[in-house]
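Report on the structure
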Amino acid sequence: MATERRTPLDRARVADTALRLLNEVGLDGLTLRTIARELDVKAPALYWHFKDKQALLDEMATQMYRRMTAGTVLDPADTWQERLLKVNRGLRTALLGYRDGAKVFSGSRFTGIDHARELEENLRFFTAAGFTLAQAVDAVRTARLFTLGFVTEEQGVRPLPGERREGYGIEERARRMADFPLAAAAGRLLFDDYDRQFEDGLALVIAGIEARYGIT
């Protein structure tokens, strides 16, 4: 009697399954037991590949990065400002594709050196534009951390595009804070139109880098 052959279980398959489940259950609901059930294996089988949940998150972040940069070609004719805009817009778009995407990505350690090629290219690009290596690292890191922090806050309100977490209704917030008119009015600026917020914030970061290092 023929038996059905299962797809071999490996790190990539486990991480891919975890990323699919992430949009359904979120980071708090993503357990090794839940992933094992989806893969139709026993939870201990996953420990052959990942010693704990953080090791799995590291692999998930690596997979996210690979997907984000697949086929991406950076234009050498860009200004350094354009490069920061493109890279961080792309990072935000990628993170928003996953529930809790920014939380998974933040603080995780890549499991390979896939990122080294892009990092090397960006650092060469920035040093050619007049930055020292230390300045280039600071500029790239600061813009990246802004994006990660921004998306973390954005997903706290809108876990996925089209969703809105309960308690962030702007009109209801304004009504409850009616005695504090400026704070009430700020709600529309804080919890709506995230595209504008992101672009304005990233522009402030870039302007700060220009002012700090005098490189235009």
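As a convention, each chain's residues are numbered from 1 in the sequence order in which they are written. Note on the predicted model: pLDDT of at least 70 is required for a residue's local features to be given, and 80 or more for side-chain atom pairs to be given and counted; whole-chain, interface and lining totals, by contrast, use all residues. Water and hydrogen atoms play no part in the side-chain values, which are based on all heavy atoms of the structure.

Labelled according to an unreviewed UniProt entry, the protein appears under the name TetR/AcrR family transcriptional regulator C-terminal domain-containing protein, originating from Streptomyces mexicanus.

UniProt feature "DNA-binding region" (unreviewed entry): in the numbering of this structure it lies at residues 31–50. The numbering of helices and of strands both runs from the N terminus, where a helix is a DSSP run of H or I of at least 4 residues and a strand a run of E of at least 2. The straight-line gap between the two end C-alpha atoms of residues 31–50 is 12 Å; of that span, 40% is helix and 0% is strand. UniProt positions are given in the numbering used here, feature names are shortened, and annotations may be inferred rather than shown by experiment.

Where helix α7 (residues 133–157) contacts helix α10 (residues 194–213), the two axes come as close as 11 Å, and the packing angle between them is 160°. Relative to α10, the element α7 lies roughly antiparallel. Remark: the crossing between α7 and α10 carries right-handed chirality. For the pair α7 and α10, the contacting residues are Gln 135, Asp 138, Ala 139, Thr 142, Ala 143, Phe 146, Thr 147, Phe 150, Glu 154 and Val 157 in the first and Tyr 194, Gln 197, Phe 198, Gly 201, Leu 202, Val 205, Ile 209 and Tyr 213 in the second. Gly is placed with the polar residues, together with every amino acid not listed as nonpolar (Ala, Val, Leu, Ile, Met, Phe, Trp, Tyr, Cys and Pro) or charged (Asp, Glu, Lys and Arg). Here the residues of the contact of α7 with α10 sort into 11 nonpolar, 5 polar and 2 charged. The axes are straight lines fitted to the C-alpha atoms, using for helices just the contacting stretch, and the angles between their N-to-C directions are given from 0 to 180°. If an angle is under 35 degrees, it is roughly parallel; if it is over 145, roughly antiparallel; if it lies from 65 to 115, roughly perpendicular; otherwise it is oblique. Two helices that cross are described as forming a left-handed crossing if the nearer one is turned anticlockwise from the farther one by less than a right angle, and a right-handed crossing if clockwise. The contact rule is simple, with two residues in contact once any of their heavy atoms fall within 4.5 Å.

Moving on: the pattern of salt bridges. When a carboxyl oxygen of Asp or Glu lies within 4 Å of a side-chain nitrogen of Lys or Arg, that pair is called a salt bridge. Within the structure shown, the criterion is met by 19 salt bridges. A salt bridge links Glu 59 to Arg 11; the nearest nitrogen and oxygen atoms lie 3.0 Å apart. One end of the pair, Glu 59, is in helix α3 (residues 53–69); the other, Arg 11, is in helix α1 (residues 11–29), with 48 residues separating them in the sequence. Only protein chains enter the accessibility calculation, which uses a 1.4 Å probe; a residue whose area is less than 20% of its type maximum is buried, one above 50% is exposed, and one in between is partly exposed. Classification of Glu 59 by relative accessible area gives buried; the value is 5%. Taking relative accessible area as the criterion, Arg 11 reaches 32% and is therefore assigned partly exposed. Across the salt bridge formed by Glu 163 and Arg 99, the nearest N and O atoms sit 2.8 Å from each other. With Glu 163 in the loop between α7 and α8 (170–176) and Arg 99 in the loop between α4 (80–95) and α5 (101–105), this residue pair connects regions lying 64 residues apart in the sequence. For Arg 99, a relative accessible area of 16% gives the class buried.

This next bit is on the packing of aromatic side chains. Whether two aromatic rings pair depends on their centres lying within 6.5 Å, for rings of Phe, Tyr and Trp, where Trp uses its six-membered ring; planes under 30 degrees apart make the pair stacked, over 60 edge-to-face, and the rest tilted. Going through the model one piece at a time under the given rule, you end up with 11 aromatic pairs. Note on Phe 131 and Tyr 213: the rings are 6.1 Å apart at their centroids and 80° apart in plane angle, and the pair reads as edge-to-face. Note that Phe 131 is positioned in the loop between α6 (114–128) and α7 and Tyr 213 in helix α10, a separation of 82 residues in sequence. Members of the aromatic cluster, each reached through a chain of ring pairs, are Trp 80, Phe 125, Phe 126, Phe 131 and Tyr 213. Counting as a charge over the ring demands two things of the Lys NZ or Arg CZ atom: a distance within 6 Å of the ring centre and an angle within 35 degrees of the ring normal. Above the ring of Phe 125, the side-chain terminus of Arg 83 is found at 3.9 Å from the ring centroid.

Turning to the nonpolar core, a few remarks are in order. We define the nonpolar core as a collection of buried residues of types Ala, Val, Leu, Ile, Met, Phe, Trp, Tyr and Cys that are connected through side-chain atoms lying within 4.5 Å of one another. Counting 53 residues, the largest nonpolar core has Ile 35, Met 60, Trp 80 and Phe 105 as the members making the most contacts within it. Every residue in contact with Met 60, bar those within four places of it in the chain, is listed here: Ala 15, Ala 18, Leu 19, Leu 22, Leu 30 and Val 104.

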